[in-house]
Amino acid sequence: MAAAAGDVCGAVPGSRGGAGAAAAAEARFISSAKGKGLFATKNIRKGETVFVEKPVVSSQFLWNALYNYRACDHCLRALETAEENAQRLLGKSSLVLPHPEQCSIRKDLHQQCPRCQVTYCSAECRQAALEQYHHVLCLGPSRDDPTHPLNKLQEAWRNMHYPPETSSIMLMARMVATIKQGQLELLRLLFTEALYDEHLSRWFTPEGFRSLFALVGTNGQGIGTSSLSQWVHACDALDLPMLQREELDAFIDQLYKDIEKESGEFLNCEGSGLYVLQSCCNHSCIPNAETSFPENNFLLHLTALEDIEAGEEICISYLDCCQRERSRHSRNKILRENYLFTCSCPKCLAQADDADVTSDEEEEGEGETDDAELEDEMTDV
């Protein structure tokens with residue numbers, strides 16, 4: 001179940017949560033070519049949470065927000081009820097979800113900035129945003145003024161970066177605003193080796209801005225939240241008579257199919273964030289850990305997919321399940337285009353002698369998703 005709204009905000013961004021979480025893994029330098037990696041400091045069992053981490057900075061994607069995917073402006077917690085979420089995705093305002101008590105959204109806790117009316121899931125989030133960056137970025141009565149410089153910046157970004165989105169210019173704007181509000185220490189750890197410079201003006205030179213853009217592009221972690229998926233997980237946990245269970249499962253299965261036809265892959269409130277520990281995780285085509293957002297906000301959970309021994313590197317995959325099943329040539333084509341490296345994980349090394357072509361079967365299989373995979377994608381946020 002998701003934590004109640006307001007339970008997770010107010011601590012220093014980048015902090016870890018959970019018993020023993022900080023001691024389970026640490027960043028270590030590997031080589032000048034590979035940089036840093038994340039390594040287990042103790043034995044970690046399959047299914048165990050390695051750590052829970054807040055982002056240094058995060059932001060919702062601009063197209064996602066424009067199309068009324070309503071999320072907390074700070075922690076990205078979904079603000080719609082599960083029923084409202086399903087109604088919008090289906091384009092069907094008459095839809096009624098069973099078991100409405102399983103929805104975790106607390107609208108009575110929602111608050112708005114009194115000047116610009118952006119919405120937060122709680123007073124804690126509103127205060128955290130104000131203290132970190134919103135004092136600088138608040139548009140006040142100019143929120144809907146298309147001539148305001150920040151609105152012009154966002155419009156230009158949207159015109160250059162159409163869905164599916166991978167980052168947001170506002171992530172960088174919040175980084176700058178965080179420093180302007182005197183919160184430099186919050187960013188220092190992340191930027192010390194990658195970009196940090198005492199003179200903020202460097203970010204506004206062509207070279208400095210390219211470095212900042214590259215940092216965000218290669219280290220940003222996608223964030224997805226959904227009140228509907230939280231409702232589904234809560235319903236899955238209900239102890240129901242067999243007939244009621246079958247009826248509820250059939251309803252949810254059909255709901256997934258109908259939403260997929262109406263909204264396609266755009267199901268969640270989406271954004272991106274920069275995380276200190278998670279950004280140290282290197283890629284593997286056979287990962288031993290994965291990231292998720294089970295609390296319906298920007299709190300990142302890193303969970304072990306396999307038993308991990310002390311001293312072993314903890315790796316995640318930058319590819320989705322379908323992409324990982326493709327040929328070595330296809331996988332590395334995606335990684336080079338999006339992350340600027342060629343993978344040398346055990347799976348890629350074992351397939352090093354495979355032909356560097358994409359098979360016809362692989363191309364025919366692109367875009368095919370069975371019902372089970374669809375359900376996993378819709379609820380695993």
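About the cut-offs
Residues numbered from 1 in each chain as written. Predicted model: local features only at pLDDT ≥ 70, side-chain atom pairs only at ≥ 80, totals over all residues. Heavy atoms only, no water. Helix = DSSP H or I, 4+ residues; strand = E, 2+ residues; numbered from the N terminus. Contact = heavy atoms within 4.5 Å. Areas by Shrake-Rupley, 256 points an atom, 1.4 Å probe, with all protein chains shown as cover. Buried < 20%, exposed > 50% of the residue type's maximum accessible area, 1.4 Å probe, protein only. Axes fitted to C-alpha atoms, helices over the stretch in contact; angles between N-to-C directions. Parallel < 35°, antiparallel > 145°, perpendicular 65-115°, else oblique. Left-handed = near helix turned anticlockwise from the far one by under 90°. Nonpolar A, V, L, I, M, F, W, Y, C, P; charged D, E, K, R; others polar. Polar contact = N/O pair within 3.5 Å; in protein donor to acceptor, adjacent residues only side chain to side chain. Pairing = 2+ DSSP bridges. Salt bridge = Lys/Arg side-chain N within 4 Å of Asp/Glu carboxyl O. Phe/Tyr/Trp six-rings, centres within 6.5 Å; stacked < 30°, edge-to-face > 60°. Core = buried A, V, L, I, M, F, W, Y, C linked by side-chain atoms within 4.5 Å.

### Focus on the overall build of the protein chain
Reasoning step 1: A tally of helices and strands in the protein chain yields 15 helices and 13 strands.
Reasoning step 2: Contacts in the protein chain between residues at least 24 apart in sequence constitute 71% of all its contacts with a sequence separation of at least 6.
Reasoning step 3: Accessible area for the protein chain stands at about 19,300 Å²; split by element, carbon and sulfur atoms hold 50% of it.

### What to know about the environment of glutamine 278
Reasoning step 1: For glutamine 278, the location among the structural elements is in the loop between β9 (269-274) and β10 (282-283).
Reasoning step 2: Judged by relative accessible area, which is 5%, glutamine 278 ranks as buried.
Reasoning step 3: Residues glutamine 278 and isoleucine 316 lie 38 residues apart in sequence; the distance between their C-alpha atoms is 9.1 Å.
Reasoning step 4: The residues contacting glutamine 278, other than those within four sequence positions of it, are Phe51, Glu53, Asn219, Gln221, Thr291, Leu300 and Ile316.

### Digging into the packing of helix α9 (residues 227-236) against helix α10 (residues 242-263)
Reasoning step 1: Axis separation between α9 and α10 bottoms out at 11 Å; the angle between their running directions is 160°. Looking at the two axes, α9 sits roughly antiparallel to α10. Considering the relative orientation of α9 and α10, their crossing is left-handed. Contact residues: Leu228, Trp231, Val232, Cys235 and Asp236 in α9; Arg245, Leu248, Phe251, Ile252, Leu255, Tyr256 and Ile259 in α10.
Reasoning step 2: Here the contact of α9 with α10 is built from residues that sort into 10 nonpolar, no polar and two charged.

### Re α9
Reasoning step 1: Across the 10 residues of α9, eight count as buried, placing the element largely inside the fold.
Reasoning step 2: N-cap assignment for α9: the residue whose side-chain oxygen lies 3.3 Å from the backbone N of leucine 228 is serine 226.

### Digging into the packing of helix α3 (residues 82-90) against α10
Reasoning step 1: α10 packs onto α3 with a crossing angle of 50° between their chain directions and a minimal axis gap of 8 Å. It follows from the interaxial angle that α3 and α10 lie oblique. Here α3 contributes Ala86, Leu89 and Leu90 to the contact with α10, which in turn contributes Leu255, Asp258, Ile259, Glu262 and Ser263.
Reasoning step 2: Of the residues contributing to the contact of α3 with α10, the split by class is five nonpolar, one polar and two charged.

### Regarding the environment of threonine 291
Reasoning step 1: With respect to the element layout, threonine 291 can be found in strand β11 (residues 289-292).
Reasoning step 2: Sequence separation of threonine 291 and serine 317 is 26 residues, and the distance between their C-alpha atoms is 9.2 Å.
Reasoning step 3: With near-sequence residues (within four places) excluded, threonine 291 lies in contact with Gln221, Gln278, Leu300, His301, Leu302 and Ile316.

### Quick notes on the sheet that holds strand β8 (residues 221-225)
Reasoning step 1: Strand order in the open sheet formed by three strands is β5-β9-β8, and the pairing between neighbours is antiparallel. This sheet does not close on itself; its edge strands, each paired only once, are β5 (57-60) and β8. In this sheet, neighbouring strand axes are inclined to one another by 30° on average, regardless of whether the strands run parallel or antiparallel.
Reasoning step 2: With five bridges connecting them, β8 and β9 associate as antiparallel partners. Directly across from isoleucine 223, in β9, lies its bridge partner glycine 271.
Reasoning step 3: Where helix α6 (residues 169-180) meets the sheet, its contacts fall on β5 and β9, and the angle it forms with β5 comes to roughly 145°.

### Quick word on the sheet that holds strand β2 (residues 25-31)
Reasoning step 1: Here we have four strands laid out as an open sheet, ordered β2-β3-β13-β10, and mixed in their pairing. Among the strands making up the open sheet, the edge pair consists of β2 and β10.
Reasoning step 2: Sheet topology places strand β3 (residues 35-40) next to strand β13 (residues 313-316); two bridges connect them, and they run antiparallel. The residue of β13 that forms the bridge with leucine 38 is isoleucine 314.

### Things to note about the pattern of salt bridges
Reasoning step 1: Applying the stated criterion to the full structure yields 10 salt bridges.
Reasoning step 2: Between glutamate 313 and lysine 34 there is a salt bridge whose closest N-O contact spans 3.7 Å. Separated by 279 residues along the polypeptide, glutamate 313 in strand β13 and lysine 34 in the loop between β2 and β3 bring together distant segments of the chain.
Reasoning step 3: Residue glutamate 313 is classed as buried on the basis of its relative accessible area of 16%.

### A short note on the packing of aromatic side chains
Reasoning step 1: Taken as a whole and assessed by the stated rule, the structure comprises three aromatic pairs.
Reasoning step 2: For the ring pair tryptophan 63 and tyrosine 67, a centre distance of 5.8 Å and an interplane angle of 25° mean the geometry is stacked.
Reasoning step 3: Among the residues examined, tryptophan 63 registers a relative accessible area of 13% and is labelled buried.
Reasoning step 4: Through successive ring pairs, a cluster of aromatic residues spans Trp63, Tyr67 and Tyr162.

### Some remarks on the nonpolar core
Reasoning step 1: Formed by 50 residues in total, the largest nonpolar core has its most connected members in Leu38, Ile44, Val50, Leu302 and Ile314.
Reasoning step 2: Elements supplying a minimum of two residues to this core: β3, β4 (49-53), α4 (123-137), α5 (149-160), α6, α8 (206-219), β12 (300-304) and β13.
Reasoning step 3: Per-element accounting of this core gives the leading share, seven residues, to α6.

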